[in-house]
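# Residue-level structural notes
One letter stands for each residue in the lines below.
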Amino acid sequence: MKSFLNLYLSMILPISMLFIIIAVAALLTQYSLNQALKLGVIAGFLSALVITVFIAIALLMKRKVHHAHQLKTKPEMSISHGSSNGPINKSFFLLIDKAMAFDIAIQAIIEQKIGEVSKGSNKKKGLLSLHNKQQSIQMKVTPLTKHTSEFTIQADNYSESVRAIINYLKLKEQSLLNY
């Protein structure tokens, strides 16, 4: 309601002025200047009051649709990361199976050139270790149901590498769900 009132009140003056000018110009053909001004101001203002309500509603709906479209086409905007500079031990659920989550995590590391996957990684156990210049990252994928899994990531600090892996996983999950 507050956004509607802000939008309505910001648009009422320019739209009223426009409608008043149009009404006065239209009424000048039939009435004298004095009568055309009086009738034009009243008619223009009243019509602007009504028309502005519909314009404000349409613009609010357009904003809502645009916001929903942005979240759908750019889901990375909806991924929130807590601002943490210390060590991380974060778990989240994925609506994809264990094997696919493991493969996507490896793909995230390879595509984004985050680091070197260690030899201790095991797909059957769902363990994945990564070493790069800044830190060591351990990941674990555990199955919850046939088509869901839990992804746990542990690292020395909450760096860009960790954010990149999480973003990549969530974006791929969103992509697969939309498919």
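A packed helix pair is summarised by two numbers, namely the angle formed by the two axes and the spacing between the axes. Where helix H3 (residues 98-111) meets helix H4 (residues 160-178), the axes come as close as 9 Å, and the angle between the chain directions of the two elements is 125 degrees. Overall, the two elements H3 and H4 adopt an arrangement that is oblique. For the crossing formed where H3 meets H4, the hand is right-handed. Counting all contacts with H3, which are made through Met100, Ala101, Ile104, Ala105, Gln107, Ala108, Ile109 and Glu111, the residues of H4 involved are Ile165, Tyr168, Leu169, Lys172 and Leu176. A per-class count over the contact of H3 with H4 returns 10 nonpolar, one polar and two charged.

All right, on to the side chain of glutamate 173 then. Mapped onto the elements of the fold, glutamate 173 is located in helix H4. Looking at glutamate 173, the relative accessible area reads 6%, which means it is buried. Side chain to side chain, glutamate 173 and lysine 170 meet in a polar contact 3.0 Å long. If we ignore the near neighbours within four places in the chain, the residues touching glutamate 173 are Phe93, Leu94 and Leu95.

The next thing to look at is H4. With 19 residues, H4 ought to run about 27 Å at 1.5 Å a step, and its terminal C-alpha atoms sit 26 Å apart, in line with that. Along H4, the positions that sit buried rather than exposed are Ser161, Val162, Ala164, Ile165, Ile166, Tyr168, Leu169 and Glu173. Considering only its buried residues, H4 is in contact with strand E1 (88-94), H3, strand E3 (127-131), strand E4 (136-143) and strand E5 (149-155).

How each quantity is defined
By convention here, each chain's residues receive numbers from 1 onward along its written sequence. Local features are withheld for residues below a pLDDT of 70 in this predicted model, meaning they are given only at 70 or higher, and side-chain atom pairs are given and counted only at 80 or more; totals for whole chains, interfaces and linings count all residues. The side-chain figures draw on all heavy atoms in the structure; neither hydrogens nor water molecules are used. Lines fitted to C-alpha atoms define the axes here, with helix axes fitted over just the stretch in contact, and angles between the N-to-C directions of these axes take values from 0 to 180 degrees. Strands here are runs of E lasting at least two residues and helices are runs of H or I lasting at least four, both read from the DSSP assignment and numbered beginning at the N terminus. Orientation labels follow simple angle bins: below 35 degrees gives roughly parallel, above 145 gives roughly antiparallel, 65 to 115 gives roughly perpendicular, and whatever is left gives oblique. Note on convention: the crossing is left-handed when the near helix lies turned anticlockwise from the far helix by less than a right angle, right-handed when the turn is clockwise. Contacts: residue pairs with any heavy atoms within 4.5 Å of one another. Amino acids are sorted into nonpolar (Ala, Val, Leu, Ile, Met, Phe, Trp, Tyr, Cys and Pro), charged (Asp, Glu, Lys and Arg) and polar (every other residue, Gly among them). For the exposure calls, accessible area comes from a 1.4 Å probe over protein chains only, and a residue counts as buried if that area is under 20% of its type's maximum, exposed if over 50%, partly exposed in between. For this analysis, a polar contact is any N or O atom pair within 3.5 Å, provided that within protein one partner can donate a hydrogen and the other can accept it, and provided that sequence-adjacent residues contribute only side-chain to side-chain pairs. Helices are assigned an expected span. That span is 1.5 Å times one less than the residue count.

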